[in-house]
Amino acid sequence: MFARLFEGVRRWYWLAGGGLILIVIAAFVLWPGGEEEPRARQYRDVSACLLTDSAGINSAEAKPVWAGMQDASLKTLGQVRFLSIAGPQDVTNGRTFVNTLVLGKCAVIVATGKLPVETVSAVARESPNQKFVIVVSGGSTPAPGVGNVSVVSASGDDATRTAVSGAVADSLS
């Protein structure tokens, strides 16, 4: 009699254990998931490059230009990067940095600040297949005299940002 009773209890343990395992599996499968993790932006294989003087993108004249380039990046999924002229702040030294960006296959090179604009104006003739955008302020618009150079007049941070964004987006499209 004990054997039969013991066998019945053992069966209930197995059934209860199996049922518990099924409940755990069902809860795991049916449990609502959290929000999906954000994904990294997938950039196209095209880039716009900003040339600045030694102050970099933190200078007052470079901030709206860099912001405009980032806006263009969001619109086109093109990459943006910058390079600051290190060392002597003259056109001769600046040429090395412009040529680095040209060899880096930038779709467009944007220059802001007196030295970068002067350097790009000097180098543009030597790189006829490279697109350049120079950002000038104070109403002075140097005549680049070369078809591969576009000029953006900086007339306030918001206007400069918008103009640069449009010029860069056009070049990255």
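Residues numbered from 1 in each chain as written. Predicted model: local features only at pLDDT ≥ 70, side-chain atom pairs only at ≥ 80, totals over all residues. Heavy atoms only, no water.

If you look at the biggest cluster of nonpolar residues, it comprises 19 residues, and the most contacted ones within it are Leu51, Val98, Leu101, Val120, Phe132, Ile134 and Val149. In terms of residue count, helix 4 (residues 114–123) provides more of this core than any other element does, four residues in total. In contact with Val98, not counting residues within four places along its chain, are Leu51, Ile109, Thr119, Val120, Val123 and Phe132. Counting 17 residues, the second-largest nonpolar core is a separate cluster that includes Leu50, Val65, Trp66 and Val110. (Core = buried A, V, L, I, M, F, W, Y, C linked by side-chain atoms within 4.5 Å. Buried < 20%, exposed > 50% of the residue type's maximum accessible area, 1.4 Å probe, protein only. Helix = DSSP H or I, 4+ residues; strand = E, 2+ residues; numbered from the N terminus. Contact = heavy atoms within 4.5 Å.)

A few words on the pattern of salt bridges. Summed over all chains, the structure comprises three salt bridges. Of the charged contacts in the structure, one is a salt bridge between Glu126 and Arg95, with a shortest N-O distance of 2.8 Å. Residue Glu126 is found in the loop between helix 4 and strand 4 (131–137), and its partner Arg95 is found in helix 3 (residues 91–103); the two are separated by 31 residues along the sequence. A residue is classified by how much of its surface remains accessible, and Glu126, at 49% relative accessible area, is partly exposed. (Salt bridge = Lys/Arg side-chain N within 4 Å of Asp/Glu carboxyl O.)

Turning our attention to the sheet that holds strand 1 (residues 47–52). Pairing in this open sheet of five strands is parallel, and the strands run 2-1-3-4-5 from one edge to the other. The sheet is open, and its two edges are formed by strand 2 (79–84) and strand 5 (149–154), each paired on a single side. Strand-to-strand twist in this sheet, taken as the mean axis angle between neighbours without regard to direction, amounts to 20 degrees. The pairing of strand 4 with strand 5 spans six bridges and is parallel. Paired with Val136 across the strands is Ser153, a residue of strand 5. Helix-sheet contacts for helix 3 involve strand 1, strand 2, strand 3 (108–112) and strand 4, and the interaxial angle to strand 1 is about 175 degrees. Lying over the sheet, helix 4 contacts strand 1, strand 3 and strand 4, oriented at roughly 145 degrees with respect to strand 4. (Pairing = 2+ DSSP bridges. Axes fitted to C-alpha atoms, helices over the stretch in contact; angles between N-to-C directions.)

If pLDDT is low for a region, its predicted coordinates should not be looked at in detail. Averaged over the protein chain, the pLDDT score is 84; the fraction of residues at 70 or greater is 83%. Mean pLDDT across the elements of the protein chain ranges from a minimum in helix 1 (residues 2–30), with 68, to a maximum in strand 3, with 94. (pLDDT = per-residue confidence, 0-100.)

Time to look at unusual backbone geometry. Backbone geometry at Leu77 places phi at a positive 65 degrees, although glycine is not the residue there. Phi at Lys105 takes a positive value of approximately 60 degrees, unusual for a residue other than glycine. Judged by its relative accessible area of 69%, Lys105 falls in the exposed class.

Glancing now at the packing of helix 2 (residues 62–76) against helix 5 (residues 157–172). Viewed as axis vectors pointing N to C, helix 2 and helix 5 meet at an angle of 40 degrees, and their least axial separation amounts to 7 Å. If you check the angle between helix 2 and helix 5, you find them oblique. For the pair helix 2 and helix 5, the sense of crossing is right-handed. Where helix 2 approaches helix 5, its residues Pro64, Val65, Ala67, Gly68, Met69, Asp71, Ala72, Lys75 and Thr76 are matched on the opposing element by Asp157, Thr160, Arg161, Val164, Ser165, Val168, Ala169 and Leu172. Tallied by class, the residues present in the contact of helix 2 with helix 5 amount to nine nonpolar, four polar and four charged. (Parallel < 35°, antiparallel > 145°, perpendicular 65-115°, else oblique. Left-handed = near helix turned anticlockwise from the far one by under 90°. Nonpolar A, V, L, I, M, F, W, Y, C, P; charged D, E, K, R; others polar.)

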